[in-house]
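Per-entry structural report
Here is what each chain is made of, one letter per residue.
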Amino acid sequence: MKFNGKSAIVTGAASGMGLLFAQCFTALGGNVLMCDVNVDALNNAVIEINQKNIGKAVGTICDVRDYSQVCAACDKAVESFGKIDILVNFAGGSSTRIKAVDRTAYPEFPDVPIEIFDWGIDVNLKGPFYFAHAALKQMRSQESGIIINIGSIVGAEGNGYDMDYPTSKAGLMYGLTKSIAQFGAKYGIRCVCVSPGPVLTRAAMAKMKTMLGRAADPQEIIDLILFIVSDKGQFINGENILIDGGRNAMGRWK
């Protein structure tokens, strides 16, 4: 798979799988606009990629909850690379974990301050929605492009405490992805959602059960995404793909 002459926007690009995708994509010749809110981590990542890889990386600070910043990021991608071939919406995460919610003080879903869940829905659902809305303007004009949303096994399972997370992920997996694919078909635009099970971006993920008896290495997720956005994956469209080691097929409630 080669991506010479291709350009991608990646959100959540300063760490985790967003960073890994940017590294792999540029190593294969592509150019990437890296979006994140962590200034220092973003700048360091851009410098490292530009020192090591074939493709070019450009960084931009972007809070995915702010539509004006999202539009500015898309404009910067076009200014830097002339087009937007690929958008990968990695930015996201569990609001109660990231906000370090004390489960002793807030033991059940109704007890958690609604502002915590507002943050989660804004980042995990509205962020990808905003980026799709902004990037599709450019993709429509060039009559090509692909958007990759990142779902989660939790979007299929649910969660009785962190309800914003499965709600948001299910929205990406079953609503936004199909809708973008329907809109984009006449313009040569595809949309696919990749939904991981447990991934070793955090050690705690190793505790989640799968039929394979392990969590995924992050590279396994990135390899699937690279295939989908490459010339080899052109017939995949409008679909949610679970890459979960068989977790969704397990009889977990026995």
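Residues numbered from 1 in each chain as written. Predicted model: local features only at pLDDT ≥ 70, side-chain atom pairs only at ≥ 80, totals over all residues. Heavy atoms only, no water.

Details of the overall build of the protein chain
Secondary structure assignment for the protein chain yields eight helices and seven strands. Its C-alpha radius of gyration of 18 Å places the protein chain within 12% of the 18 Å reference for a compact globule of 254 residues. On the principal axes, the C-alpha backbone points of the protein chain span a range of 50 × 35 × 35 Å. Scored against the burial criterion, the 254 residues of the protein chain give a buried share of 50%. By sequence separation, contacts in the protein chain at least 24 residues apart represent 71% of the contacts at least 6 residues apart. Accessible area of the protein chain: about 11,800 Å², with a carbon and sulfur share of 53%. Treating the 25 positive side-chain charges of the protein chain as one cloud and the 24 negative ones as another, the clouds have centres 6 Å apart. (Helix = DSSP H or I, 4+ residues; strand = E, 2+ residues; numbered from the N terminus. Rg over C-alpha atoms; globule rule 2.2 N^0.38 Å. Buried < 20%, exposed > 50% of the residue type's maximum accessible area, 1.4 Å probe, protein only. Contact = heavy atoms within 4.5 Å. Areas by Shrake-Rupley, 256 points an atom, 1.4 Å probe, with all protein chains shown as cover. Lys, Arg positive; Asp, Glu negative; His and termini not counted. Charge placed at Lys NZ, Arg CZ, Asp CG, Glu CD.)

Examining the pattern of salt bridges
Across all of its chains, the model carries seven salt bridges by this definition. Ionic pairing is found between Asp 85 and Lys 83, a salt bridge with its closest N-O pair at 3.5 Å. Among the salt bridges present, the one from Arg 103 reaches Asp 162, with a minimum N-O distance of 3.1 Å. Within this pair, whereas Arg 103 is found in the loop between helix 4 (95-98) and helix 5 (114-142), its partner Asp 162 is found in the loop between helix 6 (153-157) and helix 7 (164-184), the two being separated by 59 residues in sequence. Owing to a relative accessible area of 46%, Arg 103 belongs among the partly exposed residues under this scheme. (Salt bridge = Lys/Arg side-chain N within 4 Å of Asp/Glu carboxyl O.)

Focus: the packing of aromatic side chains
Under the defined criterion, the tally for this structure stands at six aromatic pairs. Between Phe 21 and Phe 25 the ring centres are 5.5 Å apart and the planes differ by 15°, which places this aromatic pair in the stacked class. Pair noted here: Phe 21 and Phe 25 are both in helix 1 (residues 16-27), with a separation of four residues, about one helical turn. You'll find Phe 21 and Phe 25 in the same group, each marked buried. Judged by centre distance (6.1 Å) and plane angle (50°), the rings of Phe 21 and Phe 90 are tilted. (Phe/Tyr/Trp six-rings, centres within 6.5 Å; stacked < 30°, edge-to-face > 60°.)

A short note on the packing of helix 3 (residues 67-81) against helix 5
Two numbers describe how helix 3 lies on helix 5: the axes approach to 9 Å, and their chain directions differ by 35°. Seen along the crossing, helix 3 lies across helix 5 with a hand that is right-handed. Residues Tyr 67, Val 70, Cys 71, Ala 73, Cys 74 and Val 78 of helix 3 form the contact with helix 5, whose own contacting residues are Tyr 130, Phe 131, His 133, Ala 134, Ala 135, Lys 137 and Gln 138. The class makeup of the residues in the contact of helix 3 with helix 5 is ten nonpolar, two polar and one charged. (Axes fitted to C-alpha atoms, helices over the stretch in contact; angles between N-to-C directions. Left-handed = near helix turned anticlockwise from the far one by under 90°. Nonpolar A, V, L, I, M, F, W, Y, C, P; charged D, E, K, R; others polar.)

A look at the sheet that holds strand 4 (residues 86-89)
The strand order across the open sheet formed by seven strands is 3-2-1-4-5-6-7, and the pairing between neighbours is parallel. Either end of the sheet is taken by a strand with one partner, and the two such strands are strand 3 (57-61) and strand 7 (240-243). Between one strand axis and the next, the sheet turns through 20° on average, direction left out of account. Pairing between strand 4 and strand 5 (residues 145-150): four bridges, direction parallel. Note on strand 5: the bridge partner recorded for Ile 86 is Ile 146. On top of the sheet, helix 7 reaches strand 5, strand 6 (189-196) and strand 7; it is set at about 165° to strand 6, its chief contact. (Pairing = 2+ DSSP bridges.)

With respect to the packing of helix 1 against helix 8 (residues 218-229)
Where helix 1 meets helix 8, the closest approach of the two axes is 10 Å, and the angle between their N-to-C directions is 55°. Classified by the interaxial angle, the pair formed by helix 1 and helix 8 is oblique. Of the two elements, helix 1 crosses helix 8, and the hand of that crossing is right-handed. Of the residues in helix 8, those touching helix 1 at Met 17, Leu 20, Phe 21, Cys 24 and Phe 25 are Pro 218, Gln 219, Ile 221, Ile 222, Ile 225 and Leu 226. (Parallel < 35°, antiparallel > 145°, perpendicular 65-115°, else oblique.)

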